[in-house]
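# Structural features, examined
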Amino acid sequence: MSSIRQIIIFLGAPGSGKGTLSRMCVDKLDWKQLSTGDLCRQHVQAGTEIGKEIDFTLKSGTLVRDSVIIDMVAQWLATQVQDADSVILDGFPRTVVQARSFIAMMDGSFENVTLKVYQLIVPDSEIVKRLSSRVVCSNKECQAIYSERLLGSSEWHTKKCDVCGHSLVKRNDDTVEKIHARLVNYHHHIEQLLEYYRNIGCQVIDINADVPTEEIFQEILYYERITQ
Ligand code: AP5
Ligand code: MG
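Attention in this report is confined to the structure presented alongside it. (Residues numbered from 1 in each chain as written. Chains lettered and ligands numbered in written order. Predicted model: local features only at pLDDT ≥ 70, side-chain atom pairs only at ≥ 80, totals over all residues. Heavy atoms only, no water.)

## A word on the sheet that holds strand β4 (residues 114-121)
Inclusion rule: Here, any two strands with at least 2 DSSP bridges between them count as paired. A run of H or I in DSSP becomes a helix once it reaches four residues, and a run of E becomes a strand once it reaches two; helices and strands are each numbered from the N terminus. Axis definition: a line fitted to C-alpha atoms, limited for helices to the stretch in contact. Angles are taken between N-to-C directions and run from 0 to 180 degrees. Here, residues are in contact when the closest pair of their heavy atoms is within 4.5 Å.
Taken in spatial order, the five strands line up as β2-β3-β1-β4-β8 in an open sheet, and their pairing is parallel. Bordering the open sheet on either side are β2 (32-35) and β8 (203-208), each of which pairs with just one other strand. On average, each strand axis in the sheet is inclined to that of its neighbour by 25°, with strand direction left out of account. One ladder, built from seven bridges, connects strand β1 (residues 6-12) with β4; its direction is parallel. Considered in β4, the bridge of F10 is made with Y118. Those strands touched by helix α1 (residues 18-29) are β1, β2, β3 (86-90) and β4, and its axis lies near 150° from that of β1.

## Thoughts on the pattern of salt bridges
The criterion, for reference: A carboxyl oxygen of Asp or Glu within 4 Å of a side-chain nitrogen of Lys or Arg is what we treat as a salt bridge. Throughout this description, buried means an accessible area under 20% of the type-specific maximum (1.4 Å probe, protein chains only), exposed means over 50%, and partly exposed covers the range between.
Under the counting rule described, the total for this entry stands at 16 salt bridges. D173 is paired through a salt bridge with R182; the nearest N and O atoms lie 3.7 Å apart. R182 carries the same exposure label as D173, and that label is buried. Taken together, the salt bridges that share partners define one network made up of R134, R171, D173, D174 and R182.

## Some points on the packing of helix α2 (residues 36-46) against helix α4 (residues 66-80)
The axes of two packed helices give the description: the angle between them and the distance between them. The criterion, for reference: Orientation labels follow simple angle bins: below 35 degrees gives roughly parallel, above 145 gives roughly antiparallel, 65 to 115 gives roughly perpendicular, and whatever is left gives oblique. Under the grouping applied here, Gly and all other residues not named as nonpolar or charged are polar, the nonpolar ones being Ala, Val, Leu, Ile, Met, Phe, Trp, Tyr, Cys and Pro and the charged ones Asp, Glu, Lys and Arg.
The N-to-C vectors of α2 and α4 enclose an angle of 100°; their axes lie 11 Å apart at closest approach. The orientation of α2 relative to α4 falls into the category roughly perpendicular. Facing T36, L39, C40 and H43 of α2, the residues of α4 in contact are I69, M72, V73 and W76. Partitioning the contact of α2 with α4 into residue classes produces six nonpolar, two polar and no charged.

Here it is, written out as structure tokens:
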């Protein structure tokens, strides 16, 4: 029997800080994070059949097929979150098809669970700067997130991940061309997604995410009525 109280969607453009904020919530609030991007990269590294298809998609900066993502999410929810109070969906749903399937999934398995969306808003110009300077842990079980801007651009090659000690790398979709493709994709789907949430009466809370992560986290605490 699941103990999940709420499911929280972090909705935002590539580089808006979904992963960074999710990790802070996991560390400080003991929430669980489902990142479909992290799962995709794990499949690629494991060389599974799905992984081969995903690899091609990630390299093009486009979206993985809805059915592949939906199966991935269903499997994760069925096996990973039995004892979580709050679950973050980081980077899912990204299309109305995914959102509809997810709501249907909730109706079947998570009947009394609250659904809420936080939309992280960051200007595209800042997104490009963030993604061009992002480095991540090379260990696909970890994928901790860093920034050259914070580590010092000449130094990141020599640093190891604070969490697991593996080396740091650039994500191969963080090139100027692919950042652009991902942003185009994001803007293509976002209005329809927001309209869908409005139509089903799901609360969407806008957050200014063009501020330090600690400030964003404090705003989340405020909306969640959590005092620390
Ligand atoms: P995914 O891995 O989810 O990538 P994304 O959505 O493009 O988002 P990012 O992970 O790039 O950014 P983020 O918002 O997590 O920012 P981060 O915290 O890292 O997906 C990758 C690919 O997988 C997709 O393109 C697609 O192909 C496929 N995919 C995944 N989910 C899918 C789905 N549902 N459907 C179909 N396909 C799917 O931060 C970025 C940088 O900014 C870091 O360097 C960080 O240190 C820095 N930073 C973070 N917050 C701040 C802040 N507040 N101030 C300053 N710097 C900050
Ligand atoms: Mg991410």
